[in-house]
Amino acid sequence: MPDAAAEEPAGDGLPTATVILKPKRARPFFGRHPWVLDAAVLRVEGDPTDGAVVDLATHDGQFVARGLFNSASRLRVRLYAFDPATKLDAGFWRSRLEAAVRLRRTLGLDAPEGAARLVNSEGDDLSGLIVDRYGAYLAVQVTALAMACRLETICDALCDLVGPQGILLRGAERGLATLEGLHLADRVVRGAAPPGPIFVAERGLRFGVDLTEGQKTGSYLDQRDNRHAAAAYARGRRVLDMFCYAGGFSVACAVAGRAASVLAVDSSAKAAALARANADLNGAANIAVETADAFEKLDALKAAGERFGMVVLDPPKFARSRASLDDALRAYHRINRVAADLLEPGGILVTCSCSGSVSRDDFLEILAGVAQRARRPIQLLECRGAAPDHPVSASCLEGEYLKCVIARVP
Ligand code: SAH
């Protein structure tokens, strides 16, 4: 299959076909939900190419919305406009990107040496597009074929609006190629890649980010505010940062939070090396970094009778789908249970889940289960989500995936 970024369907942003919904299936789309699944589609009038602009209409011909078509995806149409006068042309994409960039300015996240998510897919009415800014570089993740087709237009606008030294295309999540028929290789789309890791500022701390090899687009910007919220409880405590990746929570707790000491653990040796480098970069000599499996390490710490004043759990997505939900819930229970056992009386648990299919209620129920099994109360202090440069569309709550609970275990 060719690189999907190759072709943008010709056109002036006006529809080339109409996708007709089955009777009684239009309500979510009048409600601005942007995902039209194949199961809701009655028929397609016209012969749209993948990535082409199409209108969505009710079975009796009423206009609902305008979007982009993909025959290869179950997500048959992604909707971008709800007014028939709006053309999905270059000017349209530019104005959406401009609005997204303006929001980050409003949030105070436009310092040149900082890092922020500039575009958060549905949360910025740009379904299928993620753009993260790390200093003078942009990392773009495309999760929809329709966005891949418009990569050139999008990069032109981003160059104009942000003036980056380079724009890198980073691979999207596993499995996406099959879902969207999207085959994109990581590459530099504009300018040049940075010669090595680049350094970004985060609330007085500094972090090295590897834009070409790092996880996600290089770091976990969604946890920015949670790292600092956690740090506010760390003073004088012995902290365990489990699933530490590049040491974001560790450095925030050790330096900004003045923790007594931090043990940072990740199963990836690369991640552990990043955490070590970031600890050194911030002069945090009291951070010890270990490469180990979290499940084994938690059990070993418990068996050794170790105690901590704070435990941070920020695991990868345990539930990749609804089917694996039960396994995921069990895994969350297990690590939180051991974490509770490791906490000294009055200890702080910072526990996260980035599985979209685990709801906030599911996650809190896990903590209730842990309290029951551990025979200790759990006091919820803060129930947090992703930082505000990761906005969620009220019409598409599927975009809300991150839970970060800060709790006290008396
Ligand atoms: N807390 C980090 C992000 C963590 S991402 C931050 O704020 O930046 C999740 C991390 O868990 C990844 O670095 C991954 O390497 C690690 N990981 C995945 N499975 C693991 C396991 N079984 N044991 C330990 N670490 C694991």
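These figures come from a predicted structure and were not determined experimentally.

Reading the values: rules and limits
Residues numbered from 1 in each chain as written. Predicted model: local features only at pLDDT ≥ 70, side-chain atom pairs only at ≥ 80, totals over all residues. Heavy atoms only, no water. Helix = DSSP H or I, 4+ residues; strand = E, 2+ residues; numbered from the N terminus. Buried < 20%, exposed > 50% of the residue type's maximum accessible area, 1.4 Å probe, protein only. Contact = heavy atoms within 4.5 Å. Areas by Shrake-Rupley, 256 points an atom, 1.4 Å probe, with all protein chains shown as cover. Lys, Arg positive; Asp, Glu negative; His and termini not counted. Charge placed at Lys NZ, Arg CZ, Asp CG, Glu CD. Expected span 1.5 Å × (residues − 1). Domains from an automatic or database assignment. Buried area = accessible area lost by both parts, 1.4 Å probe. Salt bridge = Lys/Arg side-chain N within 4 Å of Asp/Glu carboxyl O. Polar contact = N/O pair within 3.5 Å; in protein donor to acceptor, adjacent residues only side chain to side chain. Pairing = 2+ DSSP bridges. Axes fitted to C-alpha atoms, helices over the stretch in contact; angles between N-to-C directions. Near = heavy atom within 4 Å. Phe/Tyr/Trp six-rings, centres within 6.5 Å; stacked < 30°, edge-to-face > 60°.

1. Section: the overall build of the protein chain
Thought 1: If you tally the helices and strands in the protein chain, you get eleven helices and 20 strands.
Thought 2: Residue burial in the protein chain is summarised as follows: out of 410 residues, 53% are buried.
Thought 3: Within the protein chain, contacts between residues at least 6 apart in sequence are counted, and of these 66% link residues at least 24 apart.
Thought 4: For the protein chain, the accessible area works out to roughly 17,400 Å², and carbon and sulfur atoms hold 51% of it.
Thought 5: Between the averaged position of the 50 positive side-chain charges in the protein chain and that of its 50 negative side-chain charges there is a distance of 6 Å.

2. Focus: helix α11 (residues 360-374)
Helical periodicity: at 3.6 residues per turn, an α-helix aligns residues three or four positions apart in one direction.
Thought 1: The end-to-end C-alpha separation of α11 is 21 Å, in line with the 21 Å expected for 15 residues at 1.5 Å each.
Thought 2: Of all the positions in α11, only F363, I366, L367, G369, V370, A371 and A374 are classed as buried.
Thought 3: R375, located one to two residues past α11, shows a positive phi value of around 55°.

3. Some remarks on the domain arrangement of the protein chain
It is common to report an interface's size as the accessible area lost on association of the parts.
Thought 1: Domain assignment breaks the protein chain into domain 1 (4-81), domain 2 (90-191) and domain 3 (220-409).
Thought 2: Centre-to-centre, using C-alpha coordinates, domain 2 lies 28 Å away from domain 3.
Thought 3: On the side of domain 3, eleven residues touch domain 2, which itself brings 15 residues to the contact.
Thought 4: Interface area, domain 2 with domain 3, both sides summed: about 1,100 Å², of which 56% is carbon and sulfur.
Thought 5: Scanning the region where domain 2 abuts domain 3 turns up zero salt bridges.
Thought 6: The interface formed by domain 2 and domain 3 holds four residue pairs in polar contact (both at pLDDT 80 or more) in total.
Thought 7: For the side of domain 2 that touches domain 3, the secondary-structure elements that each account for two or more residues are α2 (90-106), β7 (115-120) and β8 (129-134).
Thought 8: Per-element tally for the side of domain 2 that touches domain 3: the top contributor is β7, with four residues.

4. Side note on the sheet that holds strand β9 (residues 137-142)
Thought 1: What the five strands build is an open sheet, ordered β7-β8-β9-β10-β11; its pairing is mixed. Edge positions in the sheet fall to β7 and β11 (187-191), since each of these pairs with one other strand and no more. Strand after strand, the sheet turns through a mean of 20° between neighbouring axes, direction not considered.
Thought 2: In the sheet, β7 pairs with β8 via five bridges, with the strands oriented antiparallel. Bridge pairing in β8 links V119 to V131.
Thought 3: Where helix α4 (residues 151-162) meets the sheet, its contacts fall on β7, β8, β9, β10 (166-170) and β11, and the angle it forms with β11 comes to roughly 45°.

5. Here's the deal with the site of the ligand
Thought 1: Among the 16 residues in the neighbourhood of the ligand, the closest are listed as R227, D266, D293, A294 and D314.
Thought 2: With respect to the ligand, the backbone of F243 contributes an N or O atom lying 3.3 Å from a nitrogen atom.
Thought 3: In the complex, 89% of the free accessible area of the ligand, which totals 580 Å², lies under the protein chains.

6. So, the sheet that holds strand β14 (residues 238-242)
Thought 1: One open sheet accounts for seven strands, arranged β16-β15-β14-β17-β18-β20-β19; its pairing is mixed. Each end of this open sheet is capped by a strand with a single partner; those strands are β16 (287-291) and β19 (379-384). Neighbour to neighbour, the strand axes of the sheet diverge by 15° on average, direction disregarded.
Thought 2: As defined by bridge partners, strand β18 (residues 343-353) adjoins strand β20 (residues 403-409) across seven bridges and the pair is classed as antiparallel. Paired with I348 across the two strands is R408, which belongs to β20.
Thought 3: Taken strand by strand, helix α10 (residues 325-342) contacts β14, β17 (308-313) and β18, and its axis lies near 155° from that of β18.

7. Observations concerning helix α7 (residues 248-256)
Thought 1: Counting buried positions along α7 gives seven out of nine residues, so the element sits mostly inside the fold.
Thought 2: What α7 keeps buried is the set G248, F249, S250, V251, A252, C253 and A254.
Thought 3: Immediately beyond the C-terminal end of α7, within one or two residues, lies R258, with a positive phi of roughly 50°.

8. Things to note about the packing of aromatic side chains
Thought 1: Using the criterion set out here, one finds seven aromatic pairs in the structure.
Thought 2: Taking the centre distance of 4.9 Å and the plane angle of 80° together, the rings of F92 and W93 count as edge-to-face.
Thought 3: By relative accessible area, F92 is classed as buried at 7%.
Thought 4: The rings of F243, F295, F318, Y332 and F363 are connected pair by pair, giving a single aromatic cluster.

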